[in-house]
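Here are the chains, one letter per residue:
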Amino acid sequence: MKFNTDVLHAEQLHARLTGSYKPQAMAHVSPIYQTSTYVLEDFDTAVYLNQHVDEGFVYTRFGNPNNDELEKKIAHLEHAEAAISLASGLGAISTAVMSVVKAGDHVVFGDVIYGCSYALFTKVLTKLGITYTRVDTTKVEEVEKAIQPNTSLVYVETPANPTLKISDIAAIAQAVHKHPGITMIVDSTFASPYLQNPLDLGADMVVHSATKYLCGHGTVTAGVIASTKERIDHCRMPYLQCFGAVLDPFAAWQLMQGMKTLGVRMERHCENAMKVARHLENHPKVDRVYYPGLESHPTHEIAKKQMHNGFGGMMSVDIKGGMDAVRTVMNSVKVFSLATSLGNVDSLIQHSPSMSHFDMSPEERYASEIFDGQVRLSIGIEDADDLIADLDQALAKI
Ligand SMILES: *Cc1c(COP(=O)(O)O)cnc(C)c1O
């Protein structure tokens, strides 16, 4: 069925259609299985399930009914064979990456990516002798040029945090897969499955910080990976088993509630963001607006081709007057909350150079167009006029 039906009913609906729908106590909303372990029927079952943890529940680090329900839903929405849930977006990213790389490998990743993903590649993997090349992934030929005989991973974030650059997933996948043995992972957090499906475009694995749009209400940190069953099984055993970034069942349950409205929320996020971006583009106190829905955005054409239903709720804005002007605006907004994170129903404002991307050197930041006067806006589902008025009054105080 279509997205808004699927996001509510996928998997449960399948059970209804096949006549196997029998929730515990006939609860309409799944109960929370707040248990660390499971009673095993007898000795032989215990032995069998401990060796086949994907066939039943043994211990919550290996699986839990709430996490399982969430994982099946994510797999369905990302058109994947399987998915796995983890305790945070970085839990998902580090697990996915570690399931692919080994000592001595080389990885290629985008020059604009989430700050802690950058730290994973530059501070953690380097300790294993894994080298890297940062490239502008909006240029397929740069990705191709960076590939070495020992490259095992090409990691792409699109839309990219915080400058909203769009990389062409299909073109990169085609170039990467000329080399057998290279895995392509896409961080699709900014888009959510409502706006793009990287696996359909040729990526091997897709990761999300489910803390953001999937949850939508800012109540949990969570991450998901979707891919083939083989790759997801490999992420679970041994990586989740050993690293232990397990999503708590209550958090999984909250995510399931949040996700029910993903489609309608995204629709409003996109509509509001387009209005705010168009307004700010013509604002005298604003130098530049980075929003992939604007015709002025350098990778607007790729966004149009690869994203469906809209361009998302995220944008960055260069405010005239640098850091001092930013301080005034961020201290003056009333509807926007001064907070990092994104994808919540309510609007947030943050300063990327000093908050989400402080791990990068100033030179690297400027080369990646993350300028000192740049704020990142996560446009919520409030009334757009109120958001515009709030930004206007804050900009007027500069
Ligand atoms: C927030 C974010 C992450 C990290 O997710 P956490 O849930 O905070 O661990 C990764 N990638 C992108 C694009 C993000 O915005």
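Residues numbered from 1 in each chain as written. Predicted model: local features only at pLDDT ≥ 70, side-chain atom pairs only at ≥ 80, totals over all residues. Heavy atoms only, no water.

So, about the overall build of the chain. On a plain count of helices and strands, the chain comes out with 16 helices and 12 strands. Here the C-alpha atoms of the chain give a radius of gyration of 21 Å, agreeing with the 21 Å that 2.2 N^0.38 yields for 398 residues. Its C-alpha atoms give the chain principal-axis dimensions of about 70 × 50 × 35 Å. Taking all 398 residues of the chain together, the buried fraction comes to 56%. Residue pairs at least 24 apart in sequence account for 74% of intrachain contacts in the chain once pairs closer than 6 positions are excluded. Of the side-chain charges in the chain, 33 are positive and 46 negative, and the distance between the mean point of each set is 3 Å. (Helix = DSSP H or I, 4+ residues; strand = E, 2+ residues; numbered from the N terminus. Rg over C-alpha atoms; globule rule 2.2 N^0.38 Å. Buried < 20%, exposed > 50% of the residue type's maximum accessible area, 1.4 Å probe, protein only. Contact = heavy atoms within 4.5 Å. Lys, Arg positive; Asp, Glu negative; His and termini not counted. Charge placed at Lys NZ, Arg CZ, Asp CG, Glu CD.)

Counting 65 residues, the largest nonpolar core has L255, V276, L280, M315 and L377 as its most contacted members. Here this core takes seven residues from helix α12 (residues 262-281), the largest share from any one element. Once you skip the residues sitting within four places of it in the chain, M315 turns out to touch L164, A273, V276, A277, L280, V289, Y290, Y291, V375, R376, L377 and I379. In this structure, A96, L153, I225 and C235 belong to the second largest nonpolar core, which totals 31 residues. (Core = buried A, V, L, I, M, F, W, Y, C linked by side-chain atoms within 4.5 Å.)

With that out of the way, let us pick up the UniProt feature "modified residue: N6-(pyridoxal phosphate)lysine" (unreviewed entry) in the chain. Mapped onto the present numbering, the UniProt feature "modified residue: N6-(pyridoxal phosphate)lysine" (unreviewed entry) falls at K212. Locating K212 in the fold gives a position in the loop between β6 (205-209) and β7 (223-227). Ignoring any residue separated from it by four or fewer positions in sequence, one finds K212 in contact with T189, S341, L342 and G343. (UniProt positions renumbered as here; feature names shortened; annotations may be inferred.)

Taken together, 15 residues sit near the ligand, with G89, D187, S209, T211 and K212 positioned nearest. L90 places a polar main-chain atom, nitrogen or oxygen, 2.8 Å from an oxygen atom of the ligand. Take T211: an N or O atom from its side chain is 2.6 Å from an oxygen atom of the ligand. Here the ligand has 380 Å² of accessible area as a free molecule, and 92% of this is covered by the chains. Looking at the shell around the ligand element by element, the count peaks at three residues for helix α5 (residues 89-98). (Near = heavy atom within 4 Å. Polar contact = N/O pair within 3.5 Å; in protein donor to acceptor, adjacent residues only side chain to side chain. Areas by Shrake-Rupley, 256 points an atom, 1.4 Å probe, with all protein chains shown as cover.)

With that settled, consider the packing of aromatic side chains. Following the criterion strictly, the structure yields nine aromatic pairs and no others. Taking 5.4 Å as the distance between ring centres and 40 degrees as the angle between the ring planes, the aromatic pair formed by F109 and Y132 counts as tilted. One end of the pair, F109, is in strand β2 (residues 106-110); the other, Y132, is in strand β3 (residues 131-135), and 23 residues separate them in sequence. Overall, Y132 belongs to the partly exposed group, its relative accessible area being 31%. (Phe/Tyr/Trp six-rings, centres within 6.5 Å; stacked < 30°, edge-to-face > 60°.)

We now examine unusual backbone geometry. Look at the link from T158 to P159: it is a cis peptide, with omega at -10 degrees. With respect to the element layout, P159 can be found in the loop between β4 (151-157) and α8 (169-176). Look at the link from N161 to P162: it is a cis peptide, with omega at 10 degrees. Mapped onto the secondary structure, P162 falls in the loop between β4 and α8. Positive phi values are uncommon outside glycine, yet N309 reaches one of about 75 degrees. With respect to the helices and strands, N309 occurs in the loop between α13 (300-306) and β9 (314-319). Within the chain, E369 stands out as a residue other than glycine whose phi angle is a positive 65 degrees. Examined against the element boundaries, E369 turns out to sit in the loop between α15 (362-367) and β12 (374-378).

The next thing to look at is the side chain of H351. Tracing the chain through its elements places H351 in the loop between β11 (348-350) and α15. The exposure class assigned to H351 is buried, which follows from its relative accessible area of 5%. Here S354 takes part through its side chain, which lies 2.7 Å from a polar atom of the side chain of H351. In this view, H351 contacts M323, V326, M330, S356, D372 and Q374; residues no more than four positions away in its chain are not counted.

What follows deals with the packing of helix α14 (residues 322-332) against helix α16 (residues 384-396). Relative orientation of the contacting elements α14 and α16 amounts to 135 degrees, with a least axis distance of 8 Å. One element, α14, and the other, α16, form an angle in the oblique class. Both α14 and α16 take part in a crossing whose hand is right-handed. Residues T328, V329 and S332 of α14 touch α16, and the partners they reach there are Q393, A394 and L395. Looking at the contact of α14 with α16 residue by residue, the classes come out as three nonpolar, three polar and no charged. (Axes fitted to C-alpha atoms, helices over the stretch in contact; angles between N-to-C directions. Parallel < 35°, antiparallel > 145°, perpendicular 65-115°, else oblique. Left-handed = near helix turned anticlockwise from the far one by under 90°. Nonpolar A, V, L, I, M, F, W, Y, C, P; charged D, E, K, R; others polar.)

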